[in-house]
Structures are given as structure tokens and as C-alpha cells.
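# Inside the fold
One letter stands for each residue in the lines below.
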Amino acid sequence: MTVRTASWAEFVSLAVLLLNLAIVHLDAVTSLGGPVHGCAYLIVVILTLRHPGLSTGTRMLGLIPGAGGLLVLRRLS
Amino acid sequence: MPSVPRVTKLLLSLHVLAAIVAIGPVTVAASMFPAVARRSDRSWLTLLHRICRVYSLVGVAVPVFGLATASSLGVLGDTWLITSIVLTVAAALILALVILPGQEKALAGQPVTRLGMVTGIFNLLWATVTVLMIVRPGSTTGA
């Protein structure tokens, strides 16, 4: 459950950051989106590393920025 | 402070809020754990460990929002901040590599030594960081 929420937060926040970079360049979005994405990424990495019964490959998948969490979720399901 | 951007104020608020909400419970629960472990009260022990584990994860937000605040204030190179980062890393490593595994061992019924002492060091480290954040020695932006 937590992995799922953090994975989507990781993916969506990066998408918002990139869209902002490409289109509107709002400073507030960059300043807030950056830390939000950072938190979500770190939480995904920690949860993946501590999740029991995962292969090393799956744990490494979690390290991929942006999509790592969702890739791990796909392996888990 | 002369005209701090609103986003910086928001980031700083989130950083302080995360510190209070996340590190507070970890400090209290981790400090209670060794004493409760001596009484071998299992249901309490499980709850205290769960508080430590869950709020440590929430605590990830503290350094992340802290770095964002520091970067938007332009103080990332300041000595007091670098010292705080080093101490925070030390505290995080102690929590993740000694305290949480030690609690897991205690929960599994194995004997654990020095958990109380290590927890004390963790609390001291982050109390030092809090003081550094307030006093900011050498800072020219005012306290």
C-alpha cells in the first residue's frame, strides 16, 4: 500500500516537474515539486530495499528515478 | 531576514513540521524501547518498534525539505549547515543500521546490548542539529 502510494507520487511528481520545465516554468512548482519527488524517490528506494523476498534485480529496479517504484510494483504483482 | 520568497517560507515550514512530527515520535519511542524490552512486554515492544520504523520513513522528508530550504536561501555552503548535514547523516546511519536492527533482534527474543546507549547518542546528535539550526554560528543572516 505504502509502496503503491510512494511509487505513484514519485512518477507523478517527476511528470509535473518535467511538464513545468517544458511549458510554464513556474518557480513555485519547481521548488515544491523537487522535494516532493525527492521524498517519494527515497521512500520507494528504502521500502524496496527492505521488502522481504525480493531479488537483487528487483531491488535495483527501485533505484531508477521516476519509474522505479512502478516497475517494482509490476514485478510484485 | 530581508524579503524571503514565499516558497522558501513554505519549504521551511514543511521542514520544521516534518521534523516535529517525524523525529519526535522516533525519539520518544526509541528511548522507551530498552526499558520496555527489559520488562519483556511484547505488545508494547511491537508498537514502539512500529512507531520507530514508520516515522523514520516519514523522517526522510526532513533532510529533503531542509536541503530545498537551504538551497533556496542560498546557505548550502555555510559551515553550520555542512556540520548539520554530517551530523544528520551520522544520526540516520545509527538509526537505520544499529537502532532499528537492534529493536528487531530484541523483538525476535535475542539479547541486545547497548541499545539504550546508542539511542541516547542518536537523540544527542539530532538535538545538536536542532541547536545548530537555531543558533547558526557564523551566519550573517541573523538568528
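Thresholds applied
- Residues numbered from 1 in each chain as written.
- Chains lettered and ligands numbered in written order.
- Predicted model: local features only at pLDDT ≥ 70, side-chain atom pairs only at ≥ 80, totals over all residues.
- Helix = DSSP H or I, 4+ residues; strand = E, 2+ residues; numbered from the N terminus.
- Buried ≥ 20, exposed ≤ 12 C-beta atoms within 10 Å, placed from the backbone.
- Contact = placed C-beta atoms within 7 Å.
- Nonpolar A, V, L, I, M, F, W, Y, C, P; charged D, E, K, R; others polar.
- Core = buried A, V, L, I, M, F, W, Y, C linked by C-beta atoms within 7 Å.
- pLDDT = per-residue confidence, 0-100.

## A look at the overall build of chain B
A tally of helices and strands in chain B yields five helices and zero strands. Overall, chain B shows an N-to-C arrangement of helices and strands of α-α-α-α-α. Considering only C-alpha atoms, chain B reaches an extent of 55 × 25 × 20 Å along its principal axes. Across the 143 residues in chain B, those meeting the buried criterion constitute 27%. In chain B, once contacts between residues fewer than 6 apart in sequence are set aside, the share between residues at least 24 apart is 77%.

## So, the interface of chain B and chain A
At the junction of the two partners, chain B supplies nine residues and chain A supplies eleven residues. Of all the secondary-structure elements, those providing two or more residues to the side of chain B that touches chain A are helix H1 (6–39) and helix H3 (61–73) of chain B. Residue composition of the side of chain B that touches chain A, grouped by class: eight nonpolar, one polar and no charged.

## With respect to the nonpolar core
With 34 residues, the main nonpolar core has Cys39 and Ala40 of chain A together with Ala30, Ala61 and Phe65 of chain B as its most contacted residues. Those elements that place two or more of their residues in this core are helix H2 (27–50) of chain A together with H1, helix H2 (42–58), H3, helix H4 (79–107) and helix H5 (115–135) of chain B. Residue contributions to this core peak at ten residues, all from H1 of chain B. In this structure, Phe65 of chain B is in contact with Pro35 of chain A together with Leu11, Leu14, His15 and Ala18 of chain B, ignoring residues within four places of it in sequence.

## Considering the confidence of the model for chain B
Averaged over chain B, the pLDDT score is 91; the fraction of residues at 70 or greater is 97%. Interface confidence for the predicted complex, expressed as ipTM, amounts to 0.87; the pTM equals 0.89.

## Things to note about the environment of Leu14 of chain B
All names here are of chain B. Locating Leu14 in the fold gives a position in helix H1. Residue Leu14 is classed as buried on the basis of its 21 C-beta neighbours within 10 Å. C-alpha of Leu14 to C-alpha of Val36: the two residues are 22 residues apart in sequence and 33 Å apart in space.

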